[in-house]
Every structure is written in C-alpha cells, then in structure tokens.
Amino acid sequence: TMPTFTDSNGIIWNYTLIDSNTNASIGTNSGHSNATTSGNSLSGDIIIPSTINGYPVTEISHRSFSWCTGIGSVTIPASVTILRSEAFGSSSITSCIIEPNSALTTIENDVFDKAYYMTSISTINTPLLNSIGTGSFSNARSLTSFYIPPQMTTLINWTFYNCDSLTSITIP
C-alpha cells in the first residue's frame, strides 16, 4: 500500500520515497489528483508539508493536484526542488506561494497548464530556479504577472501560451 501522512489539518497525504529513500515526493505518480487520499475532492487553501514522517519533501509528483477543482492557494515548502509535469494542470489553484529561500530548481512541462484561475506565482523566492519546461503556464488565463529569476537564461516554447491576462513580466 501507498504510505500516507496525516498533517495537523487532517489532510492525509500520499507520498513515495525517492533519492535512495532519503526524501519524499508528494503523490503516487499515477493517475490524476493523487496527492492526498481525498483525490479531486481536496478543497480550500493548501499548505504542502515540508517534511513527511521525518523525510524532507523535495518533489511534487506528476499530476498530483491535477483536476483538483476545489483548491485555492497552494503553498510550496522551501524544501521542494522540482515540480513534476502537470502537477497542477486543470486544477482550480488561484495562487502558488513558494516559501522564501526556496530550493526549487525545475518546473517541468505543463505544470500549470489549464490552471485557469491562477493569478500569481511567487517565483521571486526561487534563487535556484533555472529550468521552466514547455507549456508550464500555458492556458493559465488569469495569470497577471511573472517574475523571471536572474539565473534563468532560457524559456522554452509555449511557456505563456494563452495567458490572456499576463500584462507584466519582470526580468531583473
């Protein structure tokens, strides 16, 4: 069976151990809405734990919050280094709050694709972010601004495709 962890808010998180069993990845890596035992009925503002059963959370797995149509803001702990493909695709996420001094280095392909209601993501807190995959924010129609960290040298095709509300991109 999949290991689980219950946080102080009563959310039961699914996780897998990665990196020779030294770190945790949120989700099961299969199917949609696999981050918690609530599946796509997960709702409200979500704070992803920074540790699970003593393991640092370093990854948000493939499609872990996709099709979660009741979530609002999501806080990503500073320990996370990678957001896997489609992690928040087709979800109702309204904002992505990345904790300060984040270890995030990679946002894979289509992570926020069709996240129609997401208005913001705090990439200003990502001093190590150096890779944003194809279509990462495509169809995030409510995204209004984006900060490109100074260490970013390349944005891949379709990064902001159909971001109809995007009116400001900051490049330091």
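These remarks concern the structure in this document.

On to the packing of aromatic side chains. This model, assessed by the stated rule, comprises eight aromatic pairs. When the centroid spacing of 5.3 Å and the interplanar angle of 5° are considered together, the rings of F88 and F112 count as stacked. With F88 in the loop between β8 (82-83) and β9 (95-98) and F112 in the loop between β10 (106-107) and β11 (120-121), this pair connects stretches of sequence that are 24 residues apart. Of the two residues examined, F88 and F112, each falls in the buried class. Their ring planes at 65° and their centres at 5.0 Å tell us that F146 and F160 sit as a pair that is edge-to-face. One end of the pair, F146, is in strand β13 (residues 145-147); the other, F160, is in the loop between β13 and β14 (168-170), and 14 residues separate them in sequence. For F146, a relative accessible area of 2% corresponds to the buried category. Classification of F160 as buried rests on a relative accessible area of 18%.

Definitions and limits used
- Residues numbered from 1 in each chain as written.
- Predicted model: local features only at pLDDT ≥ 70, side-chain atom pairs only at ≥ 80, totals over all residues.
- Heavy atoms only, no water.
- Phe/Tyr/Trp six-rings, centres within 6.5 Å; stacked < 30°, edge-to-face > 60°.
- Helix = DSSP H or I, 4+ residues; strand = E, 2+ residues; numbered from the N terminus.
- Buried < 20%, exposed > 50% of the residue type's maximum accessible area, 1.4 Å probe, protein only.

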